[in-house]
Amino acid sequence: MKCLVIEGLPRPRRVSPRGKMIFRISMFLVLSMGAASLCAQDFREDRFAVRGFGTIAAVTHDTDDVEFRRNTGQSDGAGAGEVEFASDSLLGVQLSAKLPADFDVVVQGVTHQRADGDWVPQLTQGYLRWSPDDSFVVRAGRVGYDIYLLAESRQVGYSYLSARPSPEFYGQISNDDIDGGDLTYKRRIGGGLVRARLFAGAGDGELAFEDGTSSESQQRLVGATLDYLRGGWTARIAMVQISYDAGNDIPLLVAGLRATGLPQAASIANDLDERVYHSFGVQAGVAYDDGPLQAQLLYGFANSDSISGPDFNKVLAEVGYRLDRWTPFVAFATSRDRNPIRTTGLPDLPMFAPLNGAIVRIQEVTRSTQHTATAGVRYDLSSHFDFKLQVDRMHAADTSLLFDRRPDAGSPVDLTVFTASVDFVF
Amino acid sequence: MKRLVAILMLALALPVARADDAPAGIVVIVNPASGVERLTRSEVIDIFLGRYRKLPTGQLALPIDVAEGGPERAQFYQQLVKKSPAEMSSYWARLVFSGQTSPPFQVPDVKTALQLVESNPNAIAYVDRAAVNPKVKVVLEIRP
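Keep in mind the model is a prediction, meaning the values are calculated, not measured.

A. How the structure looks around the interface of chain B and chain A. Facing the 26 residues of chain B at the interface are 33 residues of chain A. Listed by contribution, the elements that provide at least two residues to the side of chain B that touches chain A are α2 (41–48) and α4 (85–96) of chain B. The greatest single-element share of the side of chain B that touches chain A, amounting to eight residues, is contributed by α4(B). Looking at the side of chain B that touches chain A residue by residue, the class counts come to twelve nonpolar, seven polar and seven charged.

Take a look at the structure:
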């Protein structure tokens, strides 16, 4: 879910060679095989498509010395009284080509604010798909994995009601895609449709810190989702296990803690003294989307075998009702850490400051005790554009989503966030 | 009194006359060689919303959409799933950009949709009942 960074030792970001390779292979497949299909005469023959999506959003809030972020992978947030366009704005383009023998290939790039502050486009999808009869689908390459219930990507604002995905529920997710693959099986049962999916792969998670540094960690994910769809109802249960390396700086930290001889510090050292950490997450939810009514209720929890991973419970409820082109909606989301931040027990002396600071910081990056009540309205300008206005009232007791620069930083804070956005697809 | 009865009869007849003038309604059609006799509303929803594109015979279903802006398309989705064109566009944005599936193949008009269904046993489309010809088979009538 995240990586470990000791004070003063941020890891530099790097460009993933695996990502470059997947991009080149995908582009080769699209350009060499898809382009030949431009003159397709029959719909069973190959097709080539260029599609895109984007959001232009303005965000502000009312609490001084606090920056509001959409997720923990953003380097800058919106400040009080200033209009910030970088938080929710993004642009994505997708190229796809249908190939012979039930294959197709998709390449998708997205530009948005990254953990190091740049907007370099990121390859979010690049895969080859084989679907012999729609009961069975296999994808290999860079694929997205199921995060959403009603909208299956958190980057396509046009596909969901609110201006942004719930920060409580999705703000801690540090990547949307994996290099690997997935396998989907579908079957009609009892008047409805059962859809099961297994996925596995490796992904790069990005984290941005308040001091302007950022880090990138490699994670291995294995997971499964099981959906049942009937009429307007969708029920889902999803599970994922994330494994990530402890990092080269951990042995030094562990040795330092043990050298103090204090049992409390040694206990934390034992917790951290692993080469690989694991986090396990479960999400269960039900959604209704039929006619003008759209609603969803989600519950999720995460457990970790180390203090470096998340341990929290989350709930999200959202409902919207369309009235012609207007869709007013309300939502409430809450997340709560199950354990307080553990401390070394070492005195607050300069000689122990690096150890004390490192241990607190390791845990702070996944803190998520907060709740938000949301009200907003979506107006569909056309079948390709929407306009949204949204107000969020957030109470944060202990969260890594905010950059908190108040004199009493870390104490509970309330803020009201105002958002106006335009989403589009083409 | 006779005049009042005549007015009442005229008033009662008027809606009937309007119904006679209205479009015959949207129907779902397949190729007669597909072997499909009937489809349920749920099966049609699964096929056109990209959830499960298989015909009851086990064959792959290839759904066809008439171009956006045409009355058939708006009426079809409004009656099938009570969704406006904007909501359907939003729905497809969910699936397309998460790499799940593609929207139905789009043709410019009903005439082209009919031609594709007539020539392909896997094709499935929707048309106004008045456009149905002997070379296609109606498998479901969409009612609001």
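B. The arrangement of the nonpolar core in detail. Residues and elements named next belong to chain B. One finds Val-28, Ile-29, Ala-113, Val-117, Ile-124 and Ala-125 to be the most contacted residues of the largest nonpolar core, which totals 44 residues. Put simply, the parts of the chain that give this core at least two residues each are β1 (26–30), α2, β2 (62–66), α3 (71–81), α4, α5 (110–119), β4 (123–128) and β5 (137–141). The dominant element in this core, judged by the number of residues it contributes, is α4, at six residues.

C. How the structure looks around unusual backbone geometry. Residue and element names in this part refer to chain A. Its identity as a non-glycine residue notwithstanding, Ala-101 has a phi of 60°, on the positive side. Note on placement: Ala-101 falls in the loop between β3 (90–99) and β4 (103–111). Residue Ala-101 is classed as exposed on the basis of its 6 C-beta neighbours within 10 Å. A positive phi angle is found at Asp-134, which is not glycine, with a value near 75°. Along the polypeptide, Asp-134 turns up in the loop between β5 (122–130) and β6 (136–144).

D. Main features of the sheet that holds β4(B). All names here are of chain B. The strand order across the open sheet built from five strands is β3-β2-β4-β1-β5, with neighbouring strands paired in mixed fashion. In the strand order of this sheet, the two ends are held by β3 (105–107) and β5, each with one partner. Averaged over all adjacent pairs, the angle separating strand axes in this sheet is 35°, with direction ignored. In terms of strand pairing, β2 meets β4 through two bridges, oriented parallel. Of the residues in β4, the one forming a bridge with Leu-62 is Ala-123. Contacting β1, β2, β3 and β4, α5 crosses the sheet at an angle of about 145° to β4.

E. Quick look at α2(B). Listed as buried for α2(B) are Glu43(B), Val44(B), Asp46(B), Ile47(B) and Phe48(B). The inward-facing, buried residues of α2(B) contact β8 (192–208) of chain A together with β1, β2, α3, β4 and β5 of chain B. Just downstream of α2(B), Gly50(B) is the residue with a positive phi angle, here 70°.

F. View of helix α5 (residues 353–364) of chain A. Residue and element names in this part refer to chain A. With twelve residues, α5 should reach 16 Å at 1.5 Å per residue; the first-to-last C-alpha distance of 16 Å fits that figure. Those residues of α5 not exposed but buried are Leu-355, Ala-358, Ile-359, Ile-362 and Gln-363. All buried residues of α5 fall inside an arc of 125° around its axis, so they share one side. Against the buried residues of α5 lie α3 (250–259) and α4 (263–272).

G. Examining the packing of α3(A) against α4(A) more closely. Residues and elements named next belong to chain A. Contact pair α3 / α4: the axes reach a minimum separation of 8 Å and the direction vectors enclose 155°. The orientation of α3 with respect to α4, classified from their angle, is roughly antiparallel. Crossing of α3 over α4 shows left-handed handedness. On α4, the residues that touch Ile-250, Leu-253, Val-254, Leu-257 and Arg-258 of α3 are Ala-265, Ala-266, Ile-268, Ala-269 and Leu-272. In terms of residue class, the contact of α3 with α4 is made up of nine nonpolar, no polar and one charged.

Criteria and cut-off values
Residue positions are given per chain, counting from 1 as you read along its sequence in written order. All chains are assigned letters beginning at A, and all ligands numbers beginning at 1, according to the order in which they are written. Where local features are concerned, this predicted model is filtered to residues with pLDDT of at least 70; where side-chain atom pairs are given and counted, the filter is 80 or more; whole-chain, interface and lining totals use all residues. By definition, residue pairs are in contact when their C-beta atoms, positioned from the backbone, come within 7 Å. Helix numbers and strand numbers start at the N terminus; a helix is a DSSP run of H or I with at least 4 residues, a strand a run of E with at least 2. In the scheme used here, Gly and all other residues not listed as nonpolar or charged are polar, with Ala, Val, Leu, Ile, Met, Phe, Trp, Tyr, Cys and Pro taken as nonpolar and Asp, Glu, Lys and Arg as charged. Each nonpolar core reported here comprises buried Ala, Val, Leu, Ile, Met, Phe, Trp, Tyr and Cys residues connected via C-beta atoms within 7 Å. Residues with at least 20 other C-beta atoms within 10 Å of their own are called buried, those with 12 or fewer are called exposed, and the rest are partly exposed. The C-beta atoms themselves are positioned from the backbone. Think of it this way: DSSP has to see at least two bridges between two strands before they count as a pair. Angular values range over 0 to 180 degrees, each being the angle between N-to-C directions of two axes fitted as lines to C-alpha atoms, with helices fitted over their stretch in contact. Expected span of a helix: the number of residues minus one, times 1.5 Å. By construction, the arc corresponds to the directions joining the helix axis to the C-beta atoms. Oblique is the label for any angle not under 35 degrees, not over 145, and not in the 65 to 115 range, which are roughly parallel, roughly antiparallel and roughly perpendicular in turn. By definition, any crossing whose near helix is turned counterclockwise from its far helix by less than a right angle is left-handed, and any crossing with a clockwise turn is right-handed.

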